[in-house]
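Coordinate inspection notes
Letter by letter, the chains look like this.
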Amino acid sequence: MPRITYVNGQYLPHREAAVHVEDRGYQFADGVYEVIAVRGGGLVDEDHHLDRLDRSLGELRLAAPVSGQPLKFIMREIIRRNRVRDGKVYLQITRGVAPRDHPFPAGAESSLVVYALPVRQPDPETGLKGISVVTVPDIRWRRCDIKSISLLPNVLAKQSALDSGAGDAWLVDDDGVITEGSAANAWIVTKDGDLITRHLDNFILGGITRIAVIELAEKAGVRLVERAFSVEEAKQAKEAFLTSSTSYVKPVVAIDDTVIGNGEAGEVTRGLYHAYEAHMDAQGANGAAD
Ligand code: PMP
């Protein structure tokens with residue numbers, strides 16, 4: 001079955017799906033994106049993702065070529081045509097094709113690309129296997145709240161983590177405070193059992209998984225505090241984990257050379273892992289595309 005990708009109004013065989021060399025996404029990283037988990041054929045937390053997309057577009061004064069129900073239809077159609085039950089949808093909007101010049105082009109139409117990929121879902125043993133992270137300086141711009149396709153510092157951070165044998169990088173600001181992961185939000189559980197994740201501001205992306213996990217923690221009676229935490233505090237934590245639409249809830253069992261807790265996923269992390277799995281399963285069952 002050929003993979004099908006949506007590009008500006010057309011459903012194309014994936015190998016023919018392309019944008020122009022003068023697309024502003026290609027030349028200026030002038031665009032935004034979303035990655036949405038697919039579970040049981042349904043989109044997980046679709047409305048939250050579309051709200052964040054609208055916000056990112058608004059901050060960049062970028063007009064969506066398609067939004068609302070027609071955009072939901074395209075995502076469902078891409079899931080259906082690619083027969084994805086479990087996986088993810090990638091969606092990108094850029095400021096379109098125009099001769100290369102910094103000002104917003106007059107009259108250019110923004111571009112929309114949507115594709116879907118199947119992803120093998122982890123069993124609990126694999127999913128709960130922790131990763132180590134390394135801390136690296138956060139060298140990004142000051143609008144990390146926008147889900148921009150400009151991801152070079154994130155790419156460099158991730159690669160340096162892999163080069164040093166770790167699974168991910170946690171980014172650290174000039175005051176020694178952890179902002180977030182290279183492509184995920186960062187969490188710790190203190191010795192007192194408080195769940196901590198950074199408050200929302202312009203230095204982190206407001207994760208959609210973060211929203212769900214906050215709700216699930218509250219339901220489970222876990223005390224949650226949204227505040228910044230330092231590398232030192234994280235290294236002394238009882239538990240640590242990260243969240244994203246592709247990693248879900250992922251235990252972190254070492255930070256740099258410091259083992260966290262007993263080196264395995266802790267109790268709060270395990271509880272939230274299972275709760276988030278159930279959340280995804282329920283979302284899928286509710287919103288199945290066919
Ligand atoms: N922060 C960054 C920098 C990210 O790239 C991501 C993943 N898109 C996240 C956090 C987590 O966001 P979400 O839970 O919406 O996937």
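That block above? That's the structure.
Residues numbered from 1 in each chain as written. Predicted model: local features only at pLDDT ≥ 70, side-chain atom pairs only at ≥ 80, totals over all residues. Heavy atoms only, no water.

Right, let's talk about the overall build of the chain for a bit. Per the secondary structure count, the chain includes 8 helices and 16 strands. Against the globule reference of 19 Å for 290 residues, the chain gives a C-alpha radius of gyration of 19 Å, in line with a compact fold. Each of the three principal axes of the chain carries a C-alpha extent, and together these read 55 × 45 × 30 Å. When the accessible area of the chain is evaluated, it comes to approximately 13900 Å², of which 51% is carbon and sulfur surface. (Helix = DSSP H or I, 4+ residues; strand = E, 2+ residues; numbered from the N terminus. Rg over C-alpha atoms; globule rule 2.2 N^0.38 Å. Areas by Shrake-Rupley, 256 points an atom, 1.4 Å probe, with all protein chains shown as cover.)

Turning next to the packing of aromatic side chains. Tallying each qualifying case throughout the model produces 5 aromatic pairs. An angle of 15° between the planes, with centres 5.2 Å apart, marks the rings of Trp187 and Phe241 as stacked. Taken as a pair, Trp187 in strand 10 (residues 185-189) and Phe241 in strand 14 (residues 239-244) lie far apart in primary sequence, 54 residues in all. An identical accessibility class is assigned to Trp187 and Phe241; each is buried. Ring pairs connect the aromatic residues Tyr33, Tyr90 and Tyr115, which therefore count as one cluster. Note that Arg95 overlies the ring of Phe104, its terminal NZ or CZ placed 3.6 Å from the centroid. (Phe/Tyr/Trp six-rings, centres within 6.5 Å; stacked < 30°, edge-to-face > 60°. Buried < 20%, exposed > 50% of the residue type's maximum accessible area, 1.4 Å probe, protein only. Lys NZ or Arg CZ within 6 Å of the ring centre and 35° of its normal.)

What follows concerns the nonpolar core. What tends to happen in soluble globular proteins is that the nonpolar side chains get buried as a cluster. Core analysis: the biggest nonpolar cluster contains 25 residues, and Leu53, Met75, Val89, Leu91, Ile93, Leu112 and Val114 have the highest contact counts within it. A per-element tally of this core places helix 3 (residues 68-81) first, with 5 residues. Those residues within four positions of Ile93 in sequence are excluded, and the remaining contacts are Gly31, Val32, Leu53, Leu57, Leu62, Ala63, Ala64, Pro65, Ser110, Ser111 and Leu112. (Core = buried A, V, L, I, M, F, W, Y, C linked by side-chain atoms within 4.5 Å. Contact = heavy atoms within 4.5 Å.)

So, about the site of the ligand. In the vicinity of the ligand, 17 residues are found, and the nearest of them are Arg52, Lys147, Glu180, Ile208 and Thr209. Between an oxygen atom of the ligand and a side-chain N or O atom of Arg52, the distance comes to 2.8 Å. Residue Lys147 places a side-chain N or O atom 2.4 Å away from a nitrogen atom belonging to the ligand. Protein chains shield 93% of the accessible area of the ligand, which is 390 Å² for the free molecule. (Near = heavy atom within 4 Å. Polar contact = N/O pair within 3.5 Å; in protein donor to acceptor, adjacent residues only side chain to side chain.)

Any functional reading would require information that these geometric values do not contain.
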